[in-house]
Amino acid sequence: MTPNTHIAPTVDAANPWATHAVRIRAIRREIPQAFTYELGFEDPEVGTRFRFRPGQFDMLYLPGIGEAAISISSDPDNPNRLAHTIRAVGNVTRALSRKHVGDQILLRGPFGSSWPVESCEGQDLVIAAGGLGLAPVRPVLYHVINRRERYGKVWLLYGARSPRDLLYTAEYNDWRQADIDVQITVDLGYDGWDGHIGVVPTLFDRLRPDPKRTRVITCGPEIMMQFVISACLTHGISARNIYLSMERNMNCALGFCGHCQLGPAFVCKDGPVFTYAQMEPYLDVEDF
Ligand SMILES: Cc1cc2nc3c(=O)[nH]c(=O)nc-3n(C[C@H](O)[C@H](O)[C@H](O)COP(=O)(O)OP(=O)(O)OC[C@H]3O[C@@H](n4cnc5c(N)ncnc54)[C@H](O)[C@@H]3O)c2cc1C
């Protein structure tokens, strides 16, 4: 399958298996189960060469434990402040959650396709994210804000289970001031929450997007993305203009092991960002 967006080469184009030592510079607790790790390359020469595009991911490696694919959640215009937001769910991510500032881990990357930030220029953009799915789209927000005049209307529709599960809450005001229409929802409110209650697609239903000039970027649980997509199609937005990130379990990140194969595509090297037109036949294929 031909990737639909640019794929930036790994920092070691000649040897994508090469790992690089990075030191944890800062750890920020975002929500009870997820932390953002700011990483710095030990070798300044590698740090200088490292570039990534919004939507790409790194393989974070803990020797003796394993590797996990983790999206880059920081500003692509500032690759020296490299950040990843991680939820502790299994072997690697739980071991990472026990690391401290100053500890060293290994990284290879960046890998994968990216969000179509250039072809969205001149268009309206709806970014619809759920839960930890805000992490892989945060680089899009930074990219757009850094060159805001190139985009039309921009909406961020973001939802989480409850107010305490919302990521990056300290940044919403900055994003609003940069002319992003930030709309937040939670599945379950509680005392003191006076915002919207409902799933992310219900926010979409409140918009009046112009189907011809609207591009949609969505990331989150696949069931949420499917409902967002269905709302987009109802509004007349073409399947070719809806982009999603398929965060399926993967191993090698290079298209060799076949673990993340979906029809003709390998999520690791042809994705994770695809158009809905490309992924529509495979959304019901179970992850393993
Ligand atoms: C392109 C891509 C980008 C990703 N970006 C991020 C990211 O930014 N932050 C992040 O935290 N994760 C991200 N993931 C998910 C992460 O790679 C997996 O959760 C990975 O399996 C974690 O490795 P582990 O060894 O800790 O868990 P494993 O040992 O592989 O998994 C342990 C158990 O947890 C389950 N599990 C795996 N992932 C999840 C999940 N997301 N939610 C609930 N249960 C799960 C597995 O099914 C398994 O039963 C991304 C995945 C992909 C493919």
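All figures in this text were calculated on a predicted structure; none of them were measured in a lab.

Now for the overall build of the protein chain. Secondary structure summary: the protein chain contains 8 helices and 15 strands in total. Its C-alpha atoms give the protein chain a radius of gyration of 18 Å, near enough to 19 Å, the size a compact globule of 288 residues would have. Dimensions of the protein chain, computed from the C-alpha atoms along their principal axes, are close to 50 × 45 × 40 Å. When each of the 288 residues of the protein chain is scored for burial, the buried share is 56%. Nonlocal contacts in the protein chain, meaning residues at least 24 apart in sequence, comprise 70% of its contacts between residues at least 6 apart. Carbon and sulfur atoms make up 50% of the accessible area of the protein chain, which amounts to about 12700 Å² in all. The protein chain carries 29 positive and 32 negative side-chain charges, and their two centres are separated by 1 Å.

Attention now goes to the site of the ligand. The local shell around the ligand holds 19 residues, among which Ala-69, Thr-85, Arg-87, Thr-93 and Arg-248 are the closest. Here Thr-85 contributes a backbone N or O atom positioned 2.9 Å from a nitrogen atom of the ligand. Here an oxygen atom of the ligand and a backbone polar atom of Asn-91 are 3.4 Å apart. Compared with its free state, where it exposes 910 Å², the ligand has 66% of that area covered by protein. Sorting elements by how many residues they give to the shell around the ligand places strand 4 (residues 66-71) first, with 4 residues. Residue composition of the shell around the ligand, by class: 10 nonpolar, 6 polar and 3 charged.

On to the sheet that holds strand 11 (residues 214-219). A sheet is described by the order of its strands in space; here 7 strands give the open sequence 10-9-8-7-11-12-15, paired in mixed fashion. Sheet topology places strand 10 (196-197) and strand 15 (273-275) at the edges, where each strand pairs with a single neighbour. Here 6 bridges tie strand 8 (residues 154-160) to strand 9 (residues 181-186), and the two strands are oriented parallel to one another. Bridge pairing in strand 9 links Ala-160 to Val-186. Along the sheet face, helix 3 (residues 134-146) touches strand 7 (124-130), strand 8 and strand 11 and points at about 155° away from the line of strand 7.

Following the criterion strictly, the structure yields 4 aromatic pairs and no others. Considering the side-chain rings of Phe-41 and Phe-50, the 5.0 Å spacing of their centres and the 45° angle between planes classify their relative orientation as tilted. The pair formed by Phe-41 and Phe-50 is uniform in burial state, with each residue classed as buried. Both rings, one in Phe-50 and one in Phe-52, keep their centres 6.4 Å apart while their planes meet at 45°; by these two values the pair is tilted. Classification of Phe-50 as buried rests on a relative accessible area of 0%. Given the relative accessible area of 5%, Phe-52 is considered buried. Put simply, the rings of Phe-41, Phe-50 and Phe-52 touch in pairs and so form one group of aromatic residues. Of note, Arg-138 hangs over the ring of Tyr-168, and the distance from its end group to the ring centre comes to 3.8 Å.

The end-to-end C-alpha separation of helix 3 is 18 Å, in line with the 18 Å expected for 13 residues at 1.5 Å each. Across the 13 residues of helix 3, 11 count as buried, placing the element largely inside the fold. Those residues of helix 3 that fall on the buried side of the exposure criterion are Leu-134, Ala-135, Pro-136, Val-137, Arg-138, Pro-139, Val-140, Leu-141, Tyr-142, His-143 and Val-144.

What follows is about the pairing of strand 9. Every regular strand shows the same layout, with side chains that alternate between the two sheet faces. Within strand 9, 5 of the 6 residues are buried, which leaves the element mostly enclosed by the surrounding structure. Between the parallel elements strand 8 and strand 9, the chain passes through helix 4 (residues 172-177) in a crossover that is right-handed. Taken together, the 2 bridges between strand 9 and strand 10 define a ladder with parallel strand orientation. Across the sheet, residue Val-186 finds its bridge partner in strand 10, namely Ile-197.

On to the sheet that holds strand 1 (residues 20-31), then. Ordered in space as 4-3-6-1-2-5, the 6 strands form an open sheet in which the pairing is antiparallel. In this open sheet, the two strands that pair with only one neighbour each are strand 4 and strand 5 (82-87). Between one strand axis and the next, the sheet turns through 40° on average, direction left out of account. By the bridge criterion, 8 bridges tie strand 1 to strand 2 (residues 34-41) in an arrangement that is antiparallel. What sits directly across from Val-22, in strand 2, is Phe-41.

Another aspect to go through is the pattern of salt bridges. Throughout the structure, instances matching the rule amount to 12 salt bridges. Taking the shortest distance from any N to any O, the salt bridge between Arg-49 and Glu-45 comes out at 2.7 Å. Separated by 4 residues within a single helix, Arg-49 and Glu-45 lie in helix 1 (residues 44-49), roughly one turn from each other. Classification of Arg-49 as partly exposed rests on a relative accessible area of 38%. For Glu-45, a relative accessible area of 42% gives the class partly exposed. Measuring nitrogen to oxygen at the nearest pair gives 3.1 Å for the salt bridge that ties Arg-147 to Asp-77. With Arg-147 in the loop between helix 3 and strand 8 and Asp-77 in the loop between strand 4 and strand 5, the pair connects residues that are 70 residues apart, well separated along the chain.

Parameters at a glance
Residues numbered from 1 in each chain as written. Predicted model: local features only at pLDDT ≥ 70, side-chain atom pairs only at ≥ 80, totals over all residues. Heavy atoms only, no water. Helix = DSSP H or I, 4+ residues; strand = E, 2+ residues; numbered from the N terminus. Rg over C-alpha atoms; globule rule 2.2 N^0.38 Å. Buried < 20%, exposed > 50% of the residue type's maximum accessible area, 1.4 Å probe, protein only. Contact = heavy atoms within 4.5 Å. Areas by Shrake-Rupley, 256 points an atom, 1.4 Å probe, with all protein chains shown as cover. Lys, Arg positive; Asp, Glu negative; His and termini not counted. Charge placed at Lys NZ, Arg CZ, Asp CG, Glu CD. Near = heavy atom within 4 Å. Polar contact = N/O pair within 3.5 Å; in protein donor to acceptor, adjacent residues only side chain to side chain. Nonpolar A, V, L, I, M, F, W, Y, C, P; charged D, E, K, R; others polar. Pairing = 2+ DSSP bridges. Axes fitted to C-alpha atoms, helices over the stretch in contact; angles between N-to-C directions. Phe/Tyr/Trp six-rings, centres within 6.5 Å; stacked < 30°, edge-to-face > 60°. Lys NZ or Arg CZ within 6 Å of the ring centre and 35° of its normal. Expected span 1.5 Å × (residues − 1). Right-handed = clockwise from strand over helix to strand, strands pointing away. Salt bridge = Lys/Arg side-chain N within 4 Å of Asp/Glu carboxyl O.

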